[in-house]
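Architecture and fold: a report
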Amino acid sequence: MTEIRLAGSGVSDGIRLGKALCYTHDFQAQQFGDIEERDIPREIQRLAEAKATSIKEIEVLVAEAQLTLGAEKARIIQAQKSFLLDRAFCPEMEKLIAKKLFSAEKAAEQVVGNFITIFSAMPNEYMRERAADVRDVGHRLLTVLTGTARVKLSELRDEVILIADDLTPTDTVQLNNKIVKAFATSKGGKTSHTAIIAKTLGIPAVVGVGSMLAQIRDGQTLIIDGSAGLCIVDPEETTIRRYREKIATETAEQERLQAYGSLHAVTADGYTVNIEANIGTHADAVFAAEQGADGVGLLRTELMYMSQTSLPDEELQFAAYKDIVETIGDKPVIIRTLDIGGDKELSYLKIPQEMNPFLGYRAIRLCLDQKPLFITQLRAILRASAYGKVKIMFPMISSLEEWRSTRSIVEEVKADLRQNNIAFDENIPLGIMIEVPSAAILARRFAKEVDFFSIGTNDLVQYTLAVDRMNEKVDYLYDHFHPAVLQLLQTIVEAAHSESKPVGMCGGMAGDMTALPLLLALGLDELSMSATAISKTKFAVSKMNVVACRQLLAEVMEMSTTQEIRAKLEVFVQTGL
Ligand code: PEP
Ligand code: MG
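Within each chain, residues carry numbers counting from 1 in the order of the written sequence. Written order decides the labels, with chains lettered from A and ligands numbered from 1. Local features in this predicted model are restricted to residues of pLDDT 70 or higher, and side-chain atom pairs are both shown and tallied only at a pLDDT of 80 or more, whereas totals for entire chains, interfaces and linings draw on every residue. Side-chain measures here rest on the full set of heavy atoms in the structure, leaving out hydrogens and waters.

Looking now at the overall build of the protein chain. In terms of regular secondary structure, the protein chain is built from 23 helices and 17 strands. Computed over its C-alpha atoms, the radius of gyration of the protein chain comes to 25 Å, within 12% of the 25 Å expected for a compact globule of 577 residues. The classification of residues rests on relative accessible area computed with a 1.4 Å probe and restricted to protein chains. Under 20% of the type maximum is buried, over 50% is exposed, and intermediate values are partly exposed. Counting across all 577 residues of the protein chain, residues that qualify as buried make up 55%. Pairs at least 24 apart in sequence give 69% of the contacts found in the protein chain among residues at least 6 apart. Surface accessibility of the protein chain: about 25,100 Å² in total, with carbon and sulfur atoms responsible for 51%. Of the side-chain charges in the protein chain, 63 are positive and 78 negative, and the distance between the mean point of each set is 1 Å. Secondary structure is summarised from DSSP: a helix means a run of H or I of at least four residues, a strand means a run of E of at least two, and numbering begins at the N terminus for each. Atoms counted for the radius of gyration: C-alpha only. Globule rule: 2.2 Å times residue count to the power 0.38. The contact criterion used throughout is that any non-hydrogen atoms of two residues lie within 4.5 Å. For the area figures, the Shrake-Rupley method with a 1.4 Å probe applies, and any residue is considered shielded solely by the protein chains shown. Only four residue types enter the charge count, namely Lys and Arg as positive and Asp and Glu as negative; His and the chain termini do not. Here the site of a charge means atom NZ of a Lys, CZ of an Arg, CG of an Asp or CD of a Glu.

Structure below.
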């Protein structure tokens, strides 16, 4: 048999070799029929019972997820309950039963299908991914109605590689990474919760492989390469041998690097830098702590807002932040206030269509305009500051007026908490993201007033170079090694240090190994990145010499093109490590 190579998006790194288990909840094959008029009450009753059972099942899963994955992930599942309670969901099915004489199954299938179509057509990728949540609830309801037994993922006992059309977030949270070695799905995107959870659990995964995946049968031998986004079916002997070697190298490399995770990052000539994690959820915090993060350099709070169906209240936010802060212990946690707008939407927060959303009503601009929303978040963060080393960071600050308005709102909230004897850290540091060129240019003035900077290169690059970070047509122009970006970085770090303020970086450049010597030479105090990159980065730092890095920086700053700079850095990193 010749091997077949199927490509998809690698969303969680790692390579695994194993046997396939096809996981389907394939109701499409079934034809659901109609009923007689006299059966209407019975069908409506069956639907009501199925809804109640489904809600109970979800509640059990939420409780389990709370224990194993934390409150944040549990809420992703909890959000599915809201579909069952939605006025356009079950009541719509009842209407189809009563008016069109559909069986409960047929009515459920139709309404779920309509919801999936609506979500799948949404312009925002995040909202499109929510179709998977609806599909999950729909399958649950149909499973109960039809009495079909579905393979219980949490009860699998033999090691497998899971193959599915689409895994829902509830499926994914049930995966035991000792049993499910890897998975591949036909559908799915990089920002789906399924992808996020897979990464958190450390299960190599490839999504969006396409319909060919349906040809795979139980027991077939597979290789999943989550780093390359590859699924190899019935690999030949030579391929198996090659991949076994890769797995052995990967394991040895991980073991070697693991030791560096728990150490401080110190260069060969004694220069220290903090290596921190970018996180979005409690589970990410647990993983970051395991990987040896020196703290959290960026908590993207919008993830929690996105997993809700209405604005999260103060208590819910407080509990989530407190969970995270306690997990990180005595290390710092930088909580960034809501950064919504641009490519990130909240279904329940109506923002009128804009010509240029990235230049529009986004991040701090929205928060300053919607003060009650902002105050709720600030109260929750300040309350959580009583439980650890919390710092607050504001995104997309572009002028001193904006910063000062922000600071005065924080002062108002602090005064109110004080008056009500609610505990918080009186000396909580307040910092800003430097991700808009105007803030970078005025960095010296900002440095006099704020407690710290964190450079958001993802946005700083797009705004400095006028290159939309979401547009693949101009992707070739998007590069953090552009000399204009490097000049701004130098301005920002010098400005912070001239006022003895710490400056970190939490944009993608911070986790780029090729950029590392420059970042050390520039003098950044902390680098915050995805937790999976921490031990690798700490290891790389230990091999570097900051004197040599400074020499390299001096040469690079004289160069005029991105290409020259990139080439120079690549050679330095390859020969230096
Ligand atoms: C950045 O812009 O670099 C950043 C870290 O923020 P985000 O990617 O969330 O916009
Ligand atoms: Mg940003």
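This part covers the sheet that holds strand β7 (residues 221–225). Any two strands with at least two DSSP-identified bridges between them are counted as paired. Strands sit in the order β1-β8-β7-β3-β4-β5-β6-β2 across an open sheet of 8 strands; the sheet is mixed. The sheet is open, and its two edges are formed by β1 (4–7) and β2 (9–12), each paired on a single side. Going from strand to strand, the sheet's axes swing by 30° on average, the running direction of each strand aside. Judged from the 2 bridges that link them, strand β5 (residues 180–185) and strand β6 (residues 205–207) form a sheet pairing that is parallel. What sits directly across from Ala 184, in β6, is Val 206. Relative to strand β3 (residues 15–23), helix α9 (residues 237–261) is tilted by about 115°, and along the sheet it contacts β1, β3, β7 and β8 (230–233). All axes are obtained by fitting lines to C-alpha atoms, using only the stretch in contact for helices, and the reported angles, taken between N-to-C directions, cover 0 to 180 degrees.

The subject of this paragraph is the coordination of the magnesium ion (ligand 2). Of the protein atoms, only Glu 435 (OE) and Asp 459 (OD) coordinate the magnesium ion (ligand 2), at distances of 2.0 to 2.2 Å. Residue Glu 435 is found in the loop between β14 (430–434) and α16 (437–441), and its partner Asp 459 is found in helix α18 (residues 457–465); the two are separated by 24 residues along the sequence. Just as Glu 435 is buried, Asp 459 falls in that class too. Because no water is among the atoms considered, metal sites can look incomplete, with donors defined as N, O and S atoms within 2.8 Å of the metal, or 3.2 Å for Na, K and Ca.

Moving on, we come to the packing of aromatic side chains. Ring pairs shown here join Phe, Tyr and Trp side chains whose ring centres sit within 6.5 Å, with only the six-membered ring taken for Trp; geometry is labelled stacked below 30 degrees between planes, edge-to-face above 60, and tilted in between. Within the structure shown, the criterion is met by 8 aromatic pairs. Between Phe 83 and Phe 115 the ring centres are 6.2 Å apart and the planes differ by 85°, which places this aromatic pair in the edge-to-face class. Placement of Phe 83 in helix α2 (residues 71–85) and of Phe 115 in helix α4 (residues 104–120) is noted, with a sequence separation of 32 residues between them. Of the two residues examined, Phe 83 and Phe 115, each falls in the buried class. One aromatic cluster is present, built from ring pairs that chain together Phe 83, Phe 89, Phe 115 and Phe 119.

Burial along strand β17 (residues 526–529) is two-sided: Glu 526 and Ser 528 and Leu 527 and Met 529, pointing in opposite directions, are all buried. Where strand β10 (residues 272–279) meets β17, 4 bridges bridge the pair, whose relative direction is parallel. By the bridge assignment, Asn 274 is partnered in β17 with Glu 526. As paired strands, strand β16 (residues 503–505) and β17 are joined by 2 bridges and run parallel to one another. Opposite Met 505, over in β17, you have Leu 527 as the bridge partner. Call a crossover right-handed when, viewed with both strands pointing away from you, the route from the first strand across the helix to the second goes clockwise. For the handedness criterion, the β-α-β arrangement of β16, helix α20 (residues 516–522) and β17 is classed as right-handed.

For the rest of this paragraph, the subject is helix α21 (residues 534–543). Within α21, 8 of the 10 residues are buried, which leaves the element mostly enclosed by the surrounding structure. Among the residues making up α21, those that are buried are Ile 534, Ser 535, Thr 537, Lys 538, Phe 539, Ala 540, Val 541 and Ser 542. Lining the buried residues of α21 we find α9, β9 (265–266), β10, α20 and β17.

Another point: the site of ligand 1. Near ligand 1 you find 15 residues, and of these Arg 300, Arg 336, Gly 456, Asn 458 and Arg 469 are the closest. Nitrogen and oxygen atoms within 3.5 Å of one another constitute a polar contact, given that in protein one can donate a hydrogen and the other can accept it, and given that sequence-neighbouring residues count only through two side-chain atoms. With respect to ligand 1, the side chain of Arg 300 contributes an N or O atom lying 2.9 Å from an oxygen atom. Glu 435 is positioned such that a nitrogen or oxygen atom in its side chain is 3.0 Å from an oxygen atom of ligand 1. Compared with its free state, where it exposes 290 Å², ligand 1 has 99% of that area covered by protein. Looking at the shell around ligand 1, the elements with two or more residues in it are β11 (296–300) and α18. Looking at which element gives the most residues to the shell around ligand 1, the answer is α18, with 3 residues. Basically, the charged four are Asp, Glu, Lys and Arg, the nonpolar ten are Ala, Val, Leu, Ile, Met, Phe, Trp, Tyr, Cys and Pro, and anything else, Gly included, counts as polar. For the shell around ligand 1, a count of residues per class yields 3 nonpolar, 4 polar and 8 charged. When at least one non-hydrogen atom of a residue lies within 4 Å of a molecule or strand, that residue is treated as near it.

Looking now at helix α19 (residues 483–498). Helix span is expected to be 1.5 Å times the residue number reduced by one. With 16 residues, α19 should reach 22 Å at 1.5 Å per residue; the first-to-last C-alpha distance of 22 Å fits that figure. Following α19 by one or two positions, Ser 500 has its phi on the positive side, about 55°.

Once that is clear, we can look at unusual backbone geometry. Unlike most non-glycine residues, Leu 101 shows phi in positive territory, near 60°. Structurally, the position occupied by Leu 101 is in the loop between α3 (90–100) and α4. You can call Leu 101 partly exposed: its relative accessible area is 24%. We note that Ala 466 has phi near 55°; this positive angle belongs to a residue other than glycine. Locating Ala 466 in the fold gives a position in the loop between α18 and α19.

In this structure, Asp 225 sits in strand β7. Once residues within four sequence positions are removed from consideration, Asp 225 is found in contact with Gly 14, Ile 15, Val 206, Leu 230, Tyr 243 and Lys 246.

On to the nonpolar core. Within soluble globular proteins, side chains that are nonpolar tend to cluster in buried spots. Take the buried Ala, Val, Leu, Ile, Met, Phe, Trp, Tyr and Cys residues and link them wherever side-chain atoms come within 4.5 Å; each set so joined is a nonpolar core. Counting residues in hydrophobic clusters, the biggest one holds 140 residues, and the most contacted among them are Phe 89, Met 93, Phe 394, Phe 453 and Leu 527. Look past the residues within four positions of Phe 394 in its chain and what remains in contact with it is Thr 337, Ile 364, Phe 374, Leu 378, Trp 403, Thr 406, Val 410, Leu 430, Gly 431, Ile 432 and Met 433.

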